[in-house]
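What follows is each chain in one-letter form.
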Amino acid sequence: MRRGKLVVGNWKMNGGLEANASLLVALLAGWTPSAERSLAVCAPFPYLGQVRDALTGSKLAWGAQDLSPHSAGAYTGDVAGAMIAEFGCRYVLAGHSERRQLHGETDALVAAKAKAALAAGLTPLVCVGETLAERDGAGWQTVVGRQFDAIAAALAADLARVVLAYEPVWAIGTGRTASPAQAQEVHAFLRQRLQKSSAEAVQVLYGGSVKAGNAGALFAMPDVDGGLVGGASLDAVEFLAIAGA
Ligand code: 13P
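Before going further, it helps to examine helix 10 (residues 236-243). Buried within helix 10 are the following residues: A236, F239, L240, I242 and A243. Axial view of helix 10: buried residues confined to an arc of 155°, hence all on one face. Residue D235 occupies the N-cap position of helix 10, its side-chain oxygen lying 3.0 Å from the main-chain nitrogen of V237.

What follows covers the packing of aromatic side chains. For the coordinates displayed, the defined rule picks out 2 aromatic pairs. When the ring of W140 is compared with that of F189, the centres are 5.1 Å apart and the planes differ by 85°; the resulting orientation is edge-to-face. Taken together, the residues span a long stretch of sequence, with W140 in helix 7 (residues 140-155) and F189 in helix 8 (residues 180-196) at a distance of 49 residues. The buried category is assigned to W140, whose relative accessible area is 7%. Look at F189 and you get buried, because its relative accessible area is 14%.

Right, let's talk about helix 7 for a bit. Residues lying three or four places apart along an α-helix face the same way, a consequence of the helix completing one turn every 3.6 residues. Between its terminal C-alpha atoms helix 7 stretches 22 Å, which fits the 22 Å expected from 16 residues at 1.5 Å a residue. Taken together, the buried positions of helix 7 are occupied by W140, V143, V144, G145, Q147, F148, I151, A152 and L155. Buried positions along helix 7 lie against helix 4 (97-102), helix 5 (107-119), strand 5 (123-128), helix 6 (132-136), strand 6 (163-166) and helix 8. At the exit of helix 7 stands A156, carrying a positive phi of roughly 50°.

It is worth spelling out the side chain of R37 at this point. Relative to the helices and strands, R37 resides in strand 2 (residues 37-42). Salt bridges are absent for the buried R37, whose nearest opposite-charge side chain, E36, sits at 7.0 Å. For R37, the side chain forms a polar contact with the main-chain oxygen of A243, separated by 2.8 Å. Ignoring anything within four residues of it in the chain, the contact list for R37 reads K5, W31, F219, I242, A243, G244 and A245.

Moving on to the packing of helix 1 (residues 17-30) against helix 2 (residues 48-55). Running from amino to carboxyl end, helix 1 crosses helix 2 at an angle of 25°, the nearest separation of the two axes being 10 Å. In terms of orientation, helix 1 and helix 2 fall into the roughly parallel class. The element helix 1 and its partner helix 2 pack so that their crossing is right-handed. Where helix 1 abuts helix 2, its residues L17, N20, A21, L24 and L28 lie against Q50, V51, A54 and L55.

With that settled, consider the sheet that holds strand 7 (residues 204-207). If you walk around this closed barrel you meet the 8 strands as 1-2-3-4-5-6-7-8, and the pairing is parallel. Pairs of neighbouring strands in the sheet enclose a mean axial angle of 25°, with direction left out of account. In terms of strand pairing, strand 7 meets strand 8 (residues 226-229) through 2 bridges, oriented parallel. Across the sheet, the residue bridging to Y206 is G227, located in strand 8. Along the sheet, helix 7 makes contact with strand 5 and strand 6, crossing strand 5 at roughly 155°. Contacts from helix 8 reach strand 5, strand 6 and strand 7 within the one sheet, and its direction differs from that of strand 7 by about 155°.

Take the pairing of strand 3 (residues 60-64) next. The buried fraction of strand 3 amounts to 5 of the 5 residues, a majority that puts the element mostly inside the structure. Residues L60, W62 and A64 point to one face of strand 3 and A61 and G63 to the other, with burial holding for every one of them. Strand direction decides the pairing type here: strand 2 and strand 3, joined by 4 bridges, are parallel. Note on strand 3: the bridge partner recorded for V41 is W62. One crossover worth recording links strand 2 to the parallel strand 3 by way of helix 2, and it is right-handed. Pairing geometry for strand 3 and strand 4 (residues 91-94), over 2 bridges, is parallel.

Attention now goes to the packing of helix 5 against helix 7. Remark: helix 5 packs on helix 7, axes separated minimally by 9 Å, with the N-to-C direction vectors making an angle of 40°. When the axis of helix 5 is compared with that of helix 7, the two are oblique. Handedness of the crossing formed by helix 5 with helix 7: right-handed. In contact with D107, A111, A114, K115 and L118 of helix 5, helix 7 contributes R146, Q147, A150, I151, A154 and L155. In terms of residue class, the contact of helix 5 with helix 7 is made up of 7 nonpolar, 1 polar and 3 charged.

Rules and cut-offs
- Residues numbered from 1 in each chain as written.
- Predicted model: local features only at pLDDT ≥ 70, side-chain atom pairs only at ≥ 80, totals over all residues.
- Heavy atoms only, no water.
- Buried < 20%, exposed > 50% of the residue type's maximum accessible area, 1.4 Å probe, protein only.
- Helix = DSSP H or I, 4+ residues; strand = E, 2+ residues; numbered from the N terminus.
- Arc of directions from axis to C-beta.
- Polar contact = N/O pair within 3.5 Å; in protein donor to acceptor, adjacent residues only side chain to side chain.
- Phe/Tyr/Trp six-rings, centres within 6.5 Å; stacked < 30°, edge-to-face > 60°.
- Expected span 1.5 Å × (residues − 1).
- Contact = heavy atoms within 4.5 Å.
- Lys, Arg positive; Asp, Glu negative; His and termini not counted.
- Salt bridge = Lys/Arg side-chain N within 4 Å of Asp/Glu carboxyl O.
- Axes fitted to C-alpha atoms, helices over the stretch in contact; angles between N-to-C directions.
- Parallel < 35°, antiparallel > 145°, perpendicular 65-115°, else oblique.
- Left-handed = near helix turned anticlockwise from the far one by under 90°.
- Pairing = 2+ DSSP bridges.
- Right-handed = clockwise from strand over helix to strand, strands pointing away.
- Nonpolar A, V, L, I, M, F, W, Y, C, P; charged D, E, K, R; others polar.

Below, the structure written as structure tokens:
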């Protein structure tokens, strides 16, 4: 049985105490909770306490954008899942394409991060997606299939406890979104693989230039269970419109 739709804002490395406060107040004022729709924001580490203080007791969930695959120790600059969980986070991103591209994160590392998140009681939002060169070259099936299989192999039955996000790299921050049909094609492919591993209840979100104007058509696709929203999640009006689309 599939769950309702989930819309998650990924603030990336944006925000500040003052801007976050206004954004969170506006989200709280404008969000009408429903059984069908859930809303969450993933903030930079230093602001997790601020987000917790603002959202505790509300129907909005929150999370972090990355975590260490290790539980503690000599890993300067890294943040453990247990630390993130202490701030009331429900979610943590793992394997965002910006981490894969800018920090050289491999499929194996992403899988280890997803495992560490589950061990800390967090729900990993595991990202997959191909670059334009990969789409034109090896093909998205090869790349997304490889990324998915690494996670599925590492998590086994625990795969049922993650949220997946398909984020074609060519659509991130470019204003060039995948068409609803293109998104559906990849989501259906992921759904089929999930069914093979008996994890069909997993939500599969779409990310990449989601805006109020295209969210409705994307979310109407049968295998698109919501969105992972970057730039548009920094604007309360736009983000709430996406959440309600
Ligand atoms: P944009 O919505 O800014 O394209 O970013 C998508 C994304 O990377 C969300 O994680």
